[in-house]
Amino acid sequence: MRRPTTCKITKIGDIVLTVIFLSSLLLSTLTMAGSKNRGRTPADSSDGCRPAEPSLYGQEAFEATTLPVRPGKPGKQPFWNVHAPRFIYAPAFDFATRKEAKSYHLVARSLGDSAQYTANIDQPWLSFPSLWQQLPCDSITLTAAAIGSNGEIIDTVGTRTFMKSPAFNGPYHEPPYSCRESGRKSLQALLHQKRIQHWLEHEKPGNDYWGWANPAKIMGGLISGMIHYATHFPDAEDAAMAKELARIVADFLLTLREPEDHRLANWPLTYWDGVSSGRHPIQPDRIKTNFVINAGMAFLDMYDATREKGYYRAALQIAETFEAVQNDSGTWPQMFDRETGRAAANANQLIPTWVIMFFDRLHRDYGVTRFQTLRQRAFRWCMEKPVKTYGWYAQFLDTPPGKRYKNMSRDEANELAIIILKTKEATPKQLQIALELLRYAEDQFVVWDQRDPVLRTRWFRKGTRFDGLEAQGSDWFVPSVLEQYKFYTPIAGSNAIMIRAYVAACQRAGRPIYRAKAVSLANTLIRAQDYHGGVDIPTHLRRTLIDDDFIDNGINAALVLLEYADILTTRTGVEAK
């Protein structure tokens, strides 16, 4: 078995590893000190969720599951996981305390075999790492009881049902072809689709694809995809066609902007009623703030490829409006009312990671320093709000504001991790935060292998188009990344952003396990693409395709594979699991 090559290791990486290792070891030691195992002994244990045949990184990943992700502490740190359906890392729950209690007794029962596992713990809200490693990959019901000085049960102080998911045991699978070949196949196949060719024939979108009703997101994604195809494959026979298509779509998107005298001047539309949206809800009187950036990034891609200053100016105008409407807090409303140009009713605060990335690109690639103060205010808001509360709420096109911790996602957590990992001046504490954000995203949304009880659970109504649970099991491709609590299903774009985060972590911290995780998720994208005929990477990483494809999902996946082809393509030498 050949060890995969590592990403580039920097001196700061060694420092970060030392700091994070010592901090993790201290936290794990303190947590374990309050947990006294009284259940099955190692001799009669089923080895919990430990892989029967650990891979190159399997044992390392399994041992890491004892360290909780941002554990809550009453009155000091919120319990973000109140609605979490599953865990890879040992959780800590908001169970009540009793003044007269001397300890607390935990009883965990697995659904599959009704086996019972027990432990004592000093406080009910602590994590329980020694017990956690005994539990199988299954649905678990955990009950905590307060114990008096004489050993009697005073009261039940908490009950929680959840799934325990297996840790990483990869790299998984070998792809049928390289990342570069996958990216080429995907973008080329998309280019020749009828709904895309319509642009070349009519210089406007047809009514045969509902996605055009989301212009900033979908058209912006198409522009970036086609211009990058022409850039990566300039000798392809259809490279000039792709570049021309990008120009046509970009010029059309420029017509779908707010007027110069509007408070949201030059922001492209999030929703457009110029074509049928099918069954997808749109709000033409609203603009969702983060999707404006999709268009801004696309205009910069156009400028890079054509050097036409009009596209650069369009991107700069988007940034100028962000400057004009930034809140005193440092962020923006998640949604604006188009008529007033102000926050829409019931709008949440935007987690502005995508905006920060836009400002960083303007600074890094074009030397624009004007927006750096704006950027720093937005970054401070992220560090003071979601980093402290762990309120990583979903911010998708069709996701309305929800109750506290009700609908979590991982896009913005991954993006903030990438921002920190790519910042040369990031402090050791910030780098530790970034790596913990990756653990949160993995803990809640990454399915590594077929043992995961998530794959045996029906997340959608039986027989509906998103169900995916059949008599023979789930039709999901794994390893894969799930989108959000309310849409707990594997999505190509979710894999893509997680790959970016793992590559950034590998490049900064130098740990090869991050690369192995990125490779595993990339392999799934290629396997799903190959299964469905080797054309464009599907939005839904499932064997049964549905027609709800956001084409920017496959584009983002293809672009990640092309950008990191050298890192992701090296063959692992590990048999498919």
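The sections below set out a description of the structure shown in this document. Position labels on residues start from 1 in each chain and follow its written sequence. Totals for whole chains, interfaces and linings use every residue, but because this is a predicted model, local features are given only for residues with pLDDT of at least 70 and side-chain atom pairs only at 80 or more, for both listing and counting. Side-chain metrics rest on all non-hydrogen atoms present in the structure, leaving aside hydrogens and water.

For helices the rule is a DSSP run of H or I covering at least 4 residues; for strands it is a run of E covering at least 2, with both sets numbered from the N terminus onward. Of regular secondary structure, the chain possesses 18 helices and 13 strands. The C-alpha atoms of the chain give 24 Å as radius of gyration, which agrees with the globular expectation for 577 residues (25 Å, within 12%). Under the scheme applied here, a residue whose accessible area is under 20% of the maximum for its type counts as buried, over 50% as exposed, and between as partly exposed, the area being computed with a 1.4 Å probe on protein chains only. In the chain, which comprises 577 residues, the share counted as buried stands at 61%. What makes two residues a contact is simply this: any of their non-hydrogen atoms within 4.5 Å. If you take every contact in the chain between residues at least 6 apart in sequence, the share linking residues at least 24 apart comes to 72%. For the area figures, the Shrake-Rupley method with a 1.4 Å probe applies, and any residue is considered shielded solely by the protein chains shown. As presented, the chain carries roughly 23200 Å² of accessible surface, and 50% of it is formed by carbon and sulfur atoms. With 70 positive and 62 negative side-chain charges, the chain shows a separation of 6 Å between the mean positions of the two kinds. Throughout, radius of gyration means the C-alpha value; the globule benchmark is 2.2 Å times the number of residues raised to the power 0.38. The charge count treats Lys and Arg as positive and Asp and Glu as negative. His and the chain ends do not count. Charge positions are represented by NZ for Lys, CZ for Arg, CG for Asp and CD for Glu.

Let's shift gears to the state of the cysteines. When two cysteine sulfur atoms lie within 2.5 Å, the pair is treated as a disulfide. Within this structure, the stated rule accounts for one disulfide. Cysteine 49 shares a disulfide with cysteine 137; S-S distance 1.6 Å. Between cysteine 49 and cysteine 137, the disulfide has an S-S torsion of 110° and is therefore right-handed. Taken together, the residues span a long stretch of sequence, with cysteine 49 in the loop between strand E1 (35-37) and helix H2 (58-64) and cysteine 137 in the loop between helix H3 (129-132) and strand E5 (139-147) at a distance of 88 residues. The pair cysteine 49 / cysteine 137 is uniform in exposure class, with both members buried.

Below, the discussion takes up the sheet that holds strand E13 (residues 487-490). Across the sheet, which stays open at both edges, the three strands sit in the order E9-E12-E13 with antiparallel pairing between neighbours. With partners counted over all chains shown, the strands left at the sheet margins are strand E9 (446-447) and E13, one partner each. For two strands to pair, DSSP has to find at least two bridges joining them. Here two bridges tie strand E12 (residues 480-484) to E13, and the two strands are oriented antiparallel to one another. The residue of E13 that forms the bridge with glutamine 484 is phenylalanine 487.

This part covers unusual backbone geometry. A cis geometry characterises the amide bond from glycine 170 onward to proline 171, with omega recorded as 10°. Residue placement: proline 171 occurs in the loop between strand E6 (153-164) and helix H4 (179-191). With an omega of 5°, the peptide bond between valine 478 and proline 479 qualifies as cis. Looking at where proline 479 falls in the secondary structure, it is placed in the loop between strand E11 (473-474) and E12. In the Ramachandran plot, tyrosine 390 falls in the positive-phi region, its phi being about 60° despite a non-glycine side chain. Inspection of the secondary structure puts tyrosine 390 in the loop between helix H12 (386-389) and helix H13 (411-421).

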